[in-house]
Amino acid sequence: MTNSPFTPGIVPARLDGRVLQENFADLHAPLDAHEALVAADRCYFCHDAPCITACPTTIDIPLFIRQIATGTPEAAAKTIFDQNILGGMCARVCPTETLCEQACVREAAEGKPVDIGRLQRYATDRVMAAGVHPFSRAPQTGKRVAVVGAGPAGLACAHRLAMKGHEIDLFDARPKGGGLNEYGIATYKATDGFAGAELDWLMQIGGITLHTGRALGRDLSLDGLCADYDAVFLGMGLGGVNALRTAGEDRAGVLDAVDFIADLRQADDLARLPVGRNVVVIGGGMTAIDAAVQSKLLGAESVTVLYRRDRAAMPASRYEQDLAASKGVRFVFNAMPIAILGNGAVTGVTVEYTRAEGKSLIGTGETFDIPADQILKAIGQTLATTPEELNITGGKIAVTGPGRTSRKGVWAGGDCASGGEDLTVTAVAEGRDAAEDMHDRLMG
Amino acid sequence: MADLSSDFLGIKSPNPFWLASAPPTDKAYNVVRAFEAGWGGVVWKTLGEAGPPIVNVNGPRYGAIWGADRRLLGLNNIELITDRPLEVNLREIKQVKRDWPDRAMIVSLMVPCEEQAWKAILPLVEETGADGIELNFGCPHGMSERGMGAAVGQVPEYIEMVARWCKQNTRMPVIVKLTPNITDIRYPARAAKKGGADAVSLINTISSIIGVDLDDFSPQPSIDGKGSHGGYCGPAVKPIALNMVAEIARDAETRGMPISGIGGVTTWRDAAEFLALGAGNVQVCTAAMTYGFKIVQEMISGLSQYLDHHDMALSDLIGRAVPNVTDWQYLNLNYVTKARIDQDACIKCGRCYAACEDTSHQAISMSPERVFEVMDDECVACNLCVNVCPVDNCITMERMPAGAVDLRTGAVVTDVPADWTTHPNNPAARTAAE
Ligand SMILES: Cc1cc2nc3c(=O)[nH]c(=O)nc-3n(C[C@H](O)[C@H](O)[C@H](O)COP(=O)(O)OP(=O)(O)OC[C@H]3O[C@@H](n4cnc5c(N)ncnc54)[C@H](O)[C@@H]3O)c2cc1C
Ligand SMILES: Cc1cc2nc3c(=O)[nH]c(=O)nc-3n(C[C@H](O)[C@H](O)[C@H](O)COP(=O)(O)O)c2cc1C
Ligand code: SF4
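Model, not experiment: these values are computed from the prediction.

Criteria and thresholds
- Residues numbered from 1 in each chain as written.
- Chains lettered and ligands numbered in written order.
- Predicted model: local features only at pLDDT ≥ 70, side-chain atom pairs only at ≥ 80, totals over all residues.
- Heavy atoms only, no water.
- Domains from an automatic or database assignment.
- Contact = heavy atoms within 4.5 Å.
- Buried area = accessible area lost by both parts, 1.4 Å probe.
- Salt bridge = Lys/Arg side-chain N within 4 Å of Asp/Glu carboxyl O.
- Polar contact = N/O pair within 3.5 Å; in protein donor to acceptor, adjacent residues only side chain to side chain.
- Helix = DSSP H or I, 4+ residues; strand = E, 2+ residues; numbered from the N terminus.
- Nonpolar A, V, L, I, M, F, W, Y, C, P; charged D, E, K, R; others polar.
- Near = heavy atom within 4 Å.
- Areas by Shrake-Rupley, 256 points an atom, 1.4 Å probe, with all protein chains shown as cover.
- Pairing = 2+ DSSP bridges.
- Axes fitted to C-alpha atoms, helices over the stretch in contact; angles between N-to-C directions.
- Buried < 20%, exposed > 50% of the residue type's maximum accessible area, 1.4 Å probe, protein only.

Residue and element names in this part refer to chain A. In terms of domain boundaries, chain A breaks down into domain 1 (10-25 + 241-381), domain 2 (33-129) and domain 3 (144-239 + 383-443). In this structure, domain 1 and domain 3 have C-alpha centres spaced 30 Å apart. Taken together, the contact pairs 17 residues of domain 1 with 18 residues of domain 3. Buried surface at the junction of domain 1 and domain 3, summed over both partners, amounts to about 1400 Å²; 48% is from carbon and sulfur atoms. The largest per-residue losses of area from domain 1 upon contact with domain 3 belong to R265, Q266 and Q381, which jointly make up 45% of the total buried on that side. Inspection of the domain 1/domain 3 interface yields one salt bridge. Here K189 ties to E320 by a salt bridge, and the two come within 3.3 Å at their closest N and O atoms. The tally of links between domain 1 and domain 3 comes to six residue pairs in polar contact (both at pLDDT 80 or more). Of all elements in the fold, only α14 (257-266), α15 (286-298) and α16 (318-326) reach the threshold of two or more residues within the side of domain 1 that touches domain 3. Here the side of domain 1 that touches domain 3 takes six residues from α14, the largest share from any one element. Among the residues making up the side of domain 1 that touches domain 3, the classes are represented as eleven nonpolar, three polar and three charged.

Here is the structure:
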């Protein structure tokens with residue numbers, strides 16, 4: 001350890017390597033066999049269970065929990081993967097507190113839902129660790145499909161299509177597949193290279209060829225894909241970021257939170273990753289929380305999340321907020337940056353309190369400064385390249401039904417497509433449903 | 001996925017999971033839902049003779065006992081056979097069988113103990129296209145007071161007589177459903193066989209009072225302050241049913257007679273145990289009434305995974321444990337085990353200590369730091385600590401290897417088996433030796 005949390009500037013190794021390792025270990029330790037049985041025992045096997053409805057991929061949760069309870073976690077995993085081939089990642093990253101577990105009747109009864117997320121992990125881990133891939137392909141159809149983007153949406157789509165016997169070329173602009181599973185999700189949610197391992201496991205289905213470093217708009221065109229393939233699926237996610245439009249945004253030390261996180265996810269050695277002493281994160285979503293928590297875990301002395309509306313309006317769940325608070329992150333609500341201070345490098349940010357007036361926010365005139373040597377912008381991602389000829393709505397590719405775009409033969413899903421929350425599990429559901437629709441069209 | 005398709009008396013069903021004759025099978029609506037959910041077959045709710053329909057109580061019919069977290073462990077009922085008109089049931093049975101030809105459709109019957117009554121109803125059932133009949137000689141309440149149900153099932157001669165009437169008057173396979181409310185299940189089973197029955201099914205419910213209200217002193221369920229005994233079923237009765245099934249499976253006179261196992265089947269494991277003890281298939285009532293028809297999905301996936309894992313066909317499982325059911329006198333007295341506590345798994349609740357210290361053999365020590373250890377010189381291997389420990393697999397029984405000294409007896413453990421029949425303390429054994 002060469003530096004400490006008090007070292008000024010943006011520097012690496014603020015904490016000891018061992019402490020860093022502990023900080024970035026599994027957020028929720030996996031359940032052991034006994035814990036899993038105790039947790040599974042709590043499920044009431046509800047009829048038409050609310051948890052199933054609350055799951056964007058509609059996993060049959062009571063059934064898989066009963067399968068765990070009766071000693072067949074492998075069967076439980078199959079129940080999960082039938083609906084959600086990335087059930088392993090979703091078990092780690094789903095905000096269950098706003099999805100299945102919020103709907104659990106025991107949340108209503110006792111304020112303590114069945115531990116669905118961790119039970120899901122218990123079952124899926126077991127099958128994946130054994131290297132078992134419980135699906136096989138239908139006879140080859142001779143149809144070829146191009147899938148753009150190897151994130152959750154693209155992967156779910158490609159897997160389902162491969163299972164139906166189609167041949168898939170999966171293109172991704174980045175050097176690795178996985179999308180935000182590989183580059184975005186907080187480190188402590190997907191430890192030990194899980195994203196990569198899950199990708200390899202998923203590819204065992206066969207029939208999917210991954211081409212990395214191939215970007216639509218640069219190396220590929222939609223017209224070209226439409227000409228070469230029987231169908232096209234777009235799952236490019238949101239590659240762009242919103243600009244802050246605050247004076248001083250170009251100062252050294254001002255960074256996009258997603259880039260900061262991508263570097264973190266790809267770092268071989270966390271002790272070499274530089275982080276500010278005083279970090280200010282601007283935004284209120286999952287990205288803001290993750291950037292703030294991870295800055296703190298890297299050893300920043302102070303981390304402040306600046307959100308322009310009140311707590312209730314914050315997109316990050318209360319659970320995520322509390323997690324951040326428990327790590328020592330400070331929240332400032334109803335406040336917006338009006339100037340980024342410094343002389344070359346950032347030294348702080350001037351903040352003005354806000355108040356809602358109808359739909360718009362206005363400054364109250366009261367301002368204050370927060371010292372900062374690093375500012376992470378997390379104010380939302382946008383569609384990076386808008387593919388030609390596709391209708392756009394609300395900044396996303398307009399789709400109807402199961403991901404049909406305005407162009408015949410082209411489907412889209414995940415973050416880049418309209419509708420649904422920007423969540424891993426939603427992307428999986430949309431990719432899967434589009435694949436089913438594509439299959440019907442291809443074979444119909 | 002293992003092949004679960006089942007053949008019981010030539011009656012084919014996609015899996016060995018049938019619904020027992022009870023409310024879940026009382027009408028087409030339920031049975032169709034059950035088939036949609038995946039059940040392999042049903043035994044239709046018991047039909048009585050034509051005439052004015054059966055009357056049920058209009059107050060509560062069921063009572064229950066629960067385990068922790070209000071998990072239903074035992075169910076008690078004072079319900080009678082179907083209270084819907086015979087012709088309606090027959091019409092529905094015919095329709096459902098026609099719509100679901102691959103599922104087993106058995107019709108349960110209970111009519112008075114006169115040949116004419118059986119002769120009258122059998123052709124009506126045959127006409128529905130049902131696959132077989134089950135004779136309800138088991139219902140322990142209400143009907144038994146009228147000389148039917150358990151009143152017949154408790155008299156082996158009646159069982160034999162009615163089974164014979166049925167065999168003589170129908171081409172359908174005949175299953176005799178036995179009551180557990182007797183002292184030795186082998187006698188009614190032998191009678192069924194003598195009467196020509198193709199199979200037995202068991203158990204029906206056990207006579208029971210589920211509880212008493214301590215404020216108004218009415219037995220439960222209370223009908224205007226009074227209660228009568230009902231029939232007990234659910235997870236709590238499984239051990240009783242397993243024993244009865246095994247007794248019939250290994251009895252020299254009834255060995256090989258097909259058995260449909262009933263009583264507390266709740267998960268695939270329960271079903272597998274019945275099958276291992278000689279049942280050719282299983283029937284389920286309480287579990288479906290508690291959790292709905294969907295549980296059959298877990299039964300199917302679980303049994304299938306189990307068979308795949310053990311590389312067994314369904315037929316290999318059936319009866320697999322029967323040769324291992326024996327009498328006490330043949331148990332190996334040289335099989336010596338000791339309890340072992342896994343200190344990493346132990347959560348230090350002390351329940352094993354309380355049990356052993358207060359009620360068993362004072363064979364567990366407790367240190368001031370709450371470390372619990374088994375003292376081999378006192379442990380008789382009774383298994384109580386294993387049974388009361390809340391943590392799965394924390395306390396286990398470990399066999400002592402041959403050559404080791406059992407510190408309790410001072411004897412050297414041998415791997416040569418020896419049982420009571422040759423034990424020196426057995427007067428009969430001594431006589432034989434002399
Ligand atoms: C920091 C952060 C944390 C998050 N945490 C959570 C969480 O904890 N739980 C949760 O449920 N959700 C979380 N999310 C949201 C979740 O990651 C996304 O909703 C999900 O990944 C969307 O999947 P996708 O497949 O649509 O897009 P992505 O995962 O973004 O994948 C898109 C893929 O397309 C590729 N691509 C982009 N453009 C092109 C192109 N032109 N040509 C070829 N390939 C291209 C990209 O390289 C990428 O691999 C988080 C998001 C962020 C940013
Ligand atoms: C409410 C209720 C009604 C029943 N009615 C009948 C019946 O009409 N005929 C019959 O043969 N058995 C009847 N039974 C007994 C069941 O078929 C079955 O033998 C018994 O419940 C044991 O199985 P289980 O533990 O799975 O419930 C009934 C059981 C219950 C709970
Ligand atoms: S809602 Fe909760 S208790 Fe009910 S089935 Fe789902 S997980 Fe189980």
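With that settled, consider the site of ligand 1. Residue and element names in this part refer to chain A. If you check the shell around ligand 1, you find 36 residues, and the closest are V93, D172, K189, L216 and D415. Backbone polar atom of P152 to an oxygen atom of ligand 1: 3.2 Å apart, as the coordinates give it. At 3.1 Å from an oxygen atom of ligand 1 is found a main-chain nitrogen or oxygen belonging to T424. Surface burial for ligand 1 is 94%, taken as the share of its 990 Å² of free accessible area covered by protein chains. For the shell around ligand 1, the secondary-structure elements that each account for two or more residues are α10 (152-163), β3 (167-172), α14, α15 and α17 (424-443). Classifying every residue of the shell around ligand 1 by side-chain character gives 18 nonpolar, eleven polar and seven charged.

This brings us to the environment of I168 of chain A. Take I168 of chain A: it is sitting in strand β3. Taking C-alpha positions, I168 of chain A is 21 Å from D415 of chain A, a pair spaced 247 residues apart along the chain.

So, about the sheet that holds strand β10 (residues 302-306) of chain A. Residues and elements named next belong to chain A. Taking strand neighbours across the sheet as the criterion, the five strands line up as β7-β15-β9-β10-β11 in an open arrangement whose pairing is parallel. With one partner strand each, in any of the chains shown, β7 (254-256) and β11 (330-332) form the two edges of the open sheet. Taken over all neighbouring pairs, the strand axes of this sheet differ in orientation by 25° on average, direction set aside. In the sheet, strand β9 (residues 278-282) pairs with β10 via five bridges, with the strands oriented parallel. In the strand pairing of β10, V279 is matched with V303.

Time to look at the site of ligand 2. Residue and element names in this part refer to chain B. Near ligand 2 lie 22 residues; those nearest to it are S21, T46, K177, G264 and T286. In this structure, an oxygen atom belonging to ligand 2 sits 3.0 Å away from a main-chain N or O atom of I203. For ligand 2, whose free accessible area comes to 610 Å², the fraction covered by protein is 99%. Class assignment of the residues belonging to the shell around ligand 2 gives a composition of nine nonpolar, ten polar and three charged.

So, about the environment of Y306 of chain B. Residues and elements named next belong to chain B. Mapped onto the elements, Y306 comes out in helix α10 (residues 295-309). Using a relative accessible area of 22% as the deciding quantity, one classes Y306 as partly exposed. Setting aside its immediate chain neighbours within four residues, Y306 contacts W268, M312 and L317.

Moving on, we get to the interface of chain A and chain B. In this complex, chain A contributes 19 residues to the contact, which on the side of chain B involves 18 residues. Each partner contributes to the roughly 1500 Å² buried at the junction of chain A and chain B, and carbon and sulfur atoms together form 48% of this total. Among the residues of chain A in contact with chain B, F45, R66 and T70 of chain A are the three that bury the most area, contributing 38% of the side total. Inspection of the chain A/chain B interface yields four salt bridges.

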